[in-house]
Amino acid sequence: MYIDGEWLTSDSQFPVSNPASGETIGHVVDGDATHAKRAIEAASRALPGWAAQTPYARSAYLYRAYQLMLEQHSQLAELMTREQGKPLKAAMNEVKYAADFLLWFAEEAKRIYGETIPSARADQRFIVQKQPVGVVAAVTPWNYPISMLTRKLGPALAAGCSVVLKPAESTPLCAIAVFKILEEAGLPPGVANLVTSSNPKPIGDVFCTHPAVRKLTFTGSTAVGKQLATACAPQLKRVSMELGGHAPFIVFEDADPVHAAKGAALVKFLNTGQACISPNRIFVHRSIIDPFLATLTSRIAALQAGDGFNPANSIGPLINEAAIAKVDRQVQDAVARGATLLAGGSRLTDNGLENGCFYGATLLSNVSPEMLIYQEETFGPVAAVVPFDDQDDVIAMANDTTYGLAAYIYTQNLSRAYRAFEQLHFGIIGINDINPTSAAAPFGGMKESGLGREGAREGIEEYLETKLGGLSI
Ligand code: ADP
């Protein structure tokens, strides 16, 4: 743990394991509510000095951290593959994405503009200034264990906030590596603090109830996000929530089914399906479903699961046993209710995979609304294909979920694309595009997928208060 510029050790530790092998790869200090309080107090003490630094000074720290992250690109990616399991190439991409947030917000720090507003009174002027919201508590997930940290730390620090961060219990080593970079970049003590723990609830309770915390930013499941937002309500703490998704992937009749299937294979199995923007319901027009499924089947057959350090493997493990059980339950339920299993459908235990959490890349067709997989987020390597006949129907089916994070559409028809873009109730829409994300683009969900946006111009606003001055002259 890193509190007030010091690395703390303790006899109370918890093990961290490699999900590809089950092997223990490290031990981390097991923090509790007392540590969370100490970290918040350190952040409170550091806040005035940090907020008073010029944006140029804060920008320089972030830029230094960006450079250090790129210098350590390979080591960070290797650590990520060991701790989280994703193939090394994907880990390299993630570290780059993570560094992009540091760079982006190093730049945005200098653009925290206010405004002047004309008044109806001749003797009055209005001035509007942005100020840091205060101490920020951050809770981050394991699926993107470096970029989800910089996506919060970058804007919070740029805005002039101090931060206390609790990473996921499966991936604290990546978080430690990020904080080592912040330390090396020379960040003053207490400005960014890290509390590691195997037991998130007591830390979350302190984050949500400590009066010094003015903002909670969370990425994780919708269930936990709702609990945290509820716990923050009595003090009206500001919250940003990046929660679950249930992305539709719609392939209209005029799309190239082969191109769309290649895209679906790439985005669906990215991070072994453990992404909140992973397509969960692949709607394909009935007239082109055969070539679509043929291409998707052959692409899936070429995906090899295994240890992420072997470049031949493009699918890593799931994060733990509970994830395997959830995916398998959805697959078995779909098959029992009439879905056709075209690939995968079971855990992989041969060829050295017996100690890891591997599930075969799975393709289900004829998926229908009464199946669990049609209703729930999967977070695993399962492509669930649903045939459709009519454009209005498919938009209604796509929107028929409490989630609203990402959606994908494939069509060559510009009017259809534009109409679907406007009609879909999702915060991020890929149009013939499987990667609609960037540090420069606002990421976030509608409905129960979240509150607020990360990255882009909007990202820093989440950490700023608007202050109005009315001036009589
Ligand atoms: P997942 O099911 O994908 O692991 P979670 O929402 O459980 O997603 O985890 C995301 C983050 O939320 C992790 O850092 C985890 O430790 C944290 N978390 C889980 N439960 C709580 C809680 N009750 N209070 C605070 N943080 C929590």
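None of these values were measured; they are calculated from a predicted model.

1. Focus: the site of the ligand
Now for step 1: Of all residues adjacent to the ligand, which total 17 residues, the nearest are Thr140, Trp142, Lys166, Glu169 and Ser221.
Now for step 2: Interatomic distance of 2.7 Å between a backbone N/O atom of threonine 140 and an oxygen atom of the ligand.
Now for step 3: At a separation of 3.5 Å, an oxygen atom of the ligand approaches a polar backbone atom of alanine 168.
Now for step 4: Here the ligand, which alone exposes 550 Å², has 79% of that area covered by the protein.
Now for step 5: Residue assignment for the shell around the ligand shows that the elements contributing at least two residues are helix 7 (200–209), strand 10 (213–219) and helix 8 (222–232).
Now for step 6: For the shell around the ligand, the class distribution of residues is eight nonpolar, six polar and three charged.

2. Quick word on helix 4 (residues 88–108)
Now for step 1: Between its first and last C-alpha, helix 4 extends 30 Å over 21 residues, near the 30 Å set by a 1.5 Å rise per residue.
Now for step 2: Taken residue by residue, helix 4 has Ala91, Glu94, Val95, Tyr97, Ala98, Ala99, Phe101, Leu102, Phe105, Ala106 and Glu108 as its buried positions.
Now for step 3: Against the buried residues of helix 4 lie helix 2 (55–71), helix 3 (73–84), helix 5 (147–159) and helix 15 (456–461).

3. Points about the packing of aromatic side chains
Now for step 1: All chains considered together, the criterion is met by eleven aromatic pairs.
Now for step 2: With centroids separated by 6.4 Å and ring planes inclined at 65°, the aromatic side chains of tyrosine 2 and phenylalanine 179 adopt a geometry described as edge-to-face. Of this pair, tyrosine 2 sits in strand 1 (residues 2–3) while phenylalanine 179 is found in helix 6 (residues 172–184), placing the two residues 177 residues apart along the sequence. Phenylalanine 179 shares its class with tyrosine 2; the two are buried.
Now for step 3: When the centroid spacing of 6.1 Å and the interplanar angle of 85° are considered together, the rings of phenylalanine 283 and tyrosine 374 count as edge-to-face. Of the two residues, phenylalanine 283 sits in strand 13 (residues 279–285) while tyrosine 374 sits in helix 12 (residues 372–375), which places them 91 residues apart along the sequence.
Now for step 4: A residue is classified by how much of its surface remains accessible, and phenylalanine 283, at 0% relative accessible area, is buried.
Now for step 5: Residue classification places tyrosine 374 among the buried residues on the basis of a relative accessible area of 3%.
Now for step 6: Across from the ring centre of tyrosine 144, 4.0 Å away, lies the NZ or CZ of lysine 86, which sits over that ring.

4. Comments concerning the pattern of salt bridges
Now for step 1: Here the structure, examined in full by the defined rule, presents 19 salt bridges.
Now for step 2: Note that lysine 86 and glutamate 94 form a salt bridge whose closest N and O atoms lie 2.6 Å from each other.
Now for step 3: A relative accessible area of 3% places lysine 86 in the buried class.
Now for step 4: For glutamate 94, a relative accessible area of 3% translates into the label buried.
Now for step 5: Measuring nitrogen to oxygen at the nearest pair gives 3.8 Å for the salt bridge that ties lysine 166 to glutamate 169.
Now for step 6: With relative accessibility at 3%, the residue lysine 166 sits in the buried group.
Now for step 7: Taking the relative accessible area as the measure of exposure, glutamate 169 reaches 32% and is therefore partly exposed.
Now for step 8: When salt bridges that share partners are traced, they join Arg151, Lys152 and Glu454 into one network.

5. Things to note about the domain arrangement of the chain
Now for step 1: Here the chain is described as being made up of domain 1 (2–243 + 447–472) and domain 2 (247–431).
Now for step 2: Computed from C-alpha atoms alone, the centre-to-centre distance between domain 1 and domain 2 is 31 Å.
Now for step 3: Facing the 23 residues of domain 1 at the interface are 28 residues of domain 2.
Now for step 4: If you look at where domain 1 meets domain 2, you find zero salt bridges.
Now for step 5: Our enumeration of links across domain 1 and domain 2 arrives at ten residue pairs in polar contact (both at pLDDT 80 or more).
Now for step 6: In terms of residues, the side of domain 1 that touches domain 2 owes the most to one element, helix 3, which gives four residues.
Now for step 7: Taken together, the residues that form the side of domain 1 that touches domain 2 break down as seven nonpolar, nine polar and seven charged.

What counts as what
- Residues numbered from 1 in each chain as written.
- Predicted model: local features only at pLDDT ≥ 70, side-chain atom pairs only at ≥ 80, totals over all residues.
- Heavy atoms only, no water.
- Near = heavy atom within 4 Å.
- Polar contact = N/O pair within 3.5 Å; in protein donor to acceptor, adjacent residues only side chain to side chain.
- Areas by Shrake-Rupley, 256 points an atom, 1.4 Å probe, with all protein chains shown as cover.
- Helix = DSSP H or I, 4+ residues; strand = E, 2+ residues; numbered from the N terminus.
- Nonpolar A, V, L, I, M, F, W, Y, C, P; charged D, E, K, R; others polar.
- Expected span 1.5 Å × (residues − 1).
- Buried < 20%, exposed > 50% of the residue type's maximum accessible area, 1.4 Å probe, protein only.
- Contact = heavy atoms within 4.5 Å.
- Phe/Tyr/Trp six-rings, centres within 6.5 Å; stacked < 30°, edge-to-face > 60°.
- Lys NZ or Arg CZ within 6 Å of the ring centre and 35° of its normal.
- Salt bridge = Lys/Arg side-chain N within 4 Å of Asp/Glu carboxyl O.
- Domains from an automatic or database assignment.

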